[in-house]
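Descriptive structure summary
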Amino acid sequence: MKSRPWTIMDEQILRNEWGRHTIEEVARLLHRSYRATATKASKLGLKKDHYGIVWTDEQLKLLRAYFPIMFNRPLAKQIGVSMRTLIRKARELGLEKKPGFLEERRRDIQRLAGDALRCSDHKNTRFKKGVHNNPAGEFKPGHVESPETKAKRSESLKYAWKIRKAKIELDKNLHPEKYFKPSNT
């Protein structure tokens, strides 16, 4: 079955609509398949100026109105895009949080950090006794560690302890009653 030839009018519509709509929408407009539309666009040298969603006017309006005053995660969910897409578009538009945004929401941020701490104990993800993560990479009896490897491991452990200590300090600030008992004086 031979496909319908492209007319000058079809090519003009393709050029006009290519950067504004998804390939599926342009294909539907031209009554052609996705593959035929994408192939013709490639032959015409058309490049997409975006590589994901096509932002609607309504989405942009919401982004401009709420980005300065709202946390990113709920805003991304409301607009219907990923956090990464939301942040990328906000940066592209030069949007920033309003001055004092973090200070005004310090309590919310501390609560969210506390929730994240409580969810990150990973007890169910640890290996059971006797199960090895990487048996081929484990030390064998008599093995001597190179100085470079020892230094890397030491730095990694120092960093892990630093993170653990910071989490404990944050938890102490959020829940002092768990760590400090009131004196009975």
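Residues numbered from 1 in each chain as written. Predicted model: local features only at pLDDT ≥ 70, side-chain atom pairs only at ≥ 80, totals over all residues. Heavy atoms only, no water.

Some thoughts on the overall build of the chain
Cut-off, in case you're wondering: Secondary structure elements are taken from DSSP: a helix is a run of H or I of four residues or more, a strand is a run of E of two residues or more, and numbering for both begins at the N terminus. Relative accessibility under 20% of the residue-type maximum defines a buried residue, over 50% an exposed one, and the middle range a partly exposed one, all with a 1.4 Å probe and only protein chains included. Two residues qualify as a contact provided that any one of their heavy atoms is within 4.5 Å of a heavy atom in the partner residue. Each accessible area value is a Shrake-Rupley result obtained with a 1.4 Å probe; residue values ignore everything except the protein chains displayed when judging cover.
Looking only at helices and strands, the chain features 9 helices and 0 strands. Starting at the N terminus and walking to the C terminus, you meet the elements of the chain as α-α-α-α-α-α-α-α-α. Counting the 185 residues in the chain, one finds 21% classified as buried. Within the chain, counting contacts between residues at least 6 apart in sequence, those at least 24 apart form 54% of the total. As displayed, the chain offers around 15,500 Å² of accessible surface, 55% of which is attributable to carbon and sulfur atoms.

Comments concerning the packing of aromatic side chains
Describing an aromatic ring pair means giving the distance of the ring centres and the angle of the ring planes. Convention followed: Each Phe, Tyr or Trp ring, with Trp reduced to its six-membered ring, pairs with another whose centre is within 6.5 Å; inter-plane angles below 30 degrees give stacked pairs, above 60 give edge-to-face pairs, and intermediate values give tilted ones. Note on geometry: a ring has a charge over it if NZ (lysine) or CZ (arginine) is within 6 Å of the ring centre and within 35 degrees of the ring normal.
Summed over the entire model, instances satisfying the criterion amount to 1 aromatic pair. Ring centres 5.4 Å apart and planes at 75° place the aromatic pair Phe71 and Phe101 in the edge-to-face group. Taken together, the residues span a long stretch of sequence, with Phe71 in the loop between helix 4 (57-66) and helix 5 (72-79) and Phe101 in helix 7 (residues 101-104) at a distance of 30 residues. Here the guanidinium or amino end of Arg32 rests over the ring plane of Trp6, the centre of that ring lying 4.0 Å away.

Thoughts on the nonpolar core
To keep things clear, this is the line we draw: In this text, buried Ala, Val, Leu, Ile, Met, Phe, Trp, Tyr and Cys residues form a nonpolar core when linked through side-chain atoms within 4.5 Å.
Counting 12 residues, the largest nonpolar core consists of Trp55, Leu60, Leu62, Leu63, Phe67, Leu75, Ala76, Ile79, Val81, Leu86, Ala90 and Leu95. Apart from residues no more than four positions distant in its own chain, Leu95 is found in contact with Leu63, Arg64, Phe67 and Ala90.

Re the packing of helix 2 (residues 23-30) against helix 3 (residues 34-43)
Cut-off, in case you're wondering: In this description, a line fitted to the C-alpha atoms serves as the axis of each element, helices being fitted only across the stretch in contact, and the angle between N-to-C directions of two axes falls anywhere from 0 to 180 degrees. Geometric relationships in this document are graded by angle, where less than 35 degrees denotes roughly parallel, more than 145 denotes roughly antiparallel, 65 to 115 denotes roughly perpendicular, and other angles denote oblique. When residue character is reported, Ala, Val, Leu, Ile, Met, Phe, Trp, Tyr, Cys and Pro are called nonpolar, Asp, Glu, Lys and Arg charged, and the others, Gly included, polar.
For the pair helix 2 and helix 3, interaxial distance at closest approach is 9 Å and the crossing angle is 100°. Comparing their axes, helix 3 and helix 2 come out roughly perpendicular. Contacts between helix 2 and helix 3 involve Ile23, Glu24, Val26 and Ala27 from the former and Tyr34, Thr37 and Ala38 from the latter. Partitioned by chemical class, the residues of the contact of helix 2 with helix 3 number 5 nonpolar, 1 polar and 1 charged.

Let's talk about helix 3
To keep it simple, the criterion reads: In this description, the arc belongs to the directions extending from the helix axis to the C-beta atoms.
Among all positions in helix 3, only Thr37, Lys40 and Ala41 are buried. One side of helix 3 carries all its buried residues, which in axial view fall inside an arc of 100°. Exposed and facing more than 90 degrees away from the buried side of helix 3 are Arg35, Ser42 and Lys43.

Considering the pattern of salt bridges
When their charged atoms lie close together, side chains carrying opposite charge are able to pair. Stated formally: Salt bridges, as used here, are contacts in which a Lys or Arg side-chain nitrogen is within 4 Å of a carboxyl oxygen on Asp or Glu.
Inspection of the entire model under this criterion finds 9 salt bridges. Note that Glu11 is salt-bridged to Lys40, the shortest N-O span being 3.2 Å. Remark: Lys40 occurs in helix 3 and Glu11 occurs in helix 1 (residues 8-17); sequence separation between them is 29 residues. In this pair, the class of Glu11 matches that of Lys40, namely buried.

A short note on the confidence of the model for the chain
Put simply, the test is: One confidence number per residue, pLDDT, is output by the predictor and ranges from 0 to 100.
Across the chain, the average pLDDT comes to 82, with 82% of residues at 70 or higher. Looking at the elements of the chain, mean pLDDT is at its lowest for helix 8 (residues 106-119), recorded as 79, and at its highest for helix 4, recorded as 92.

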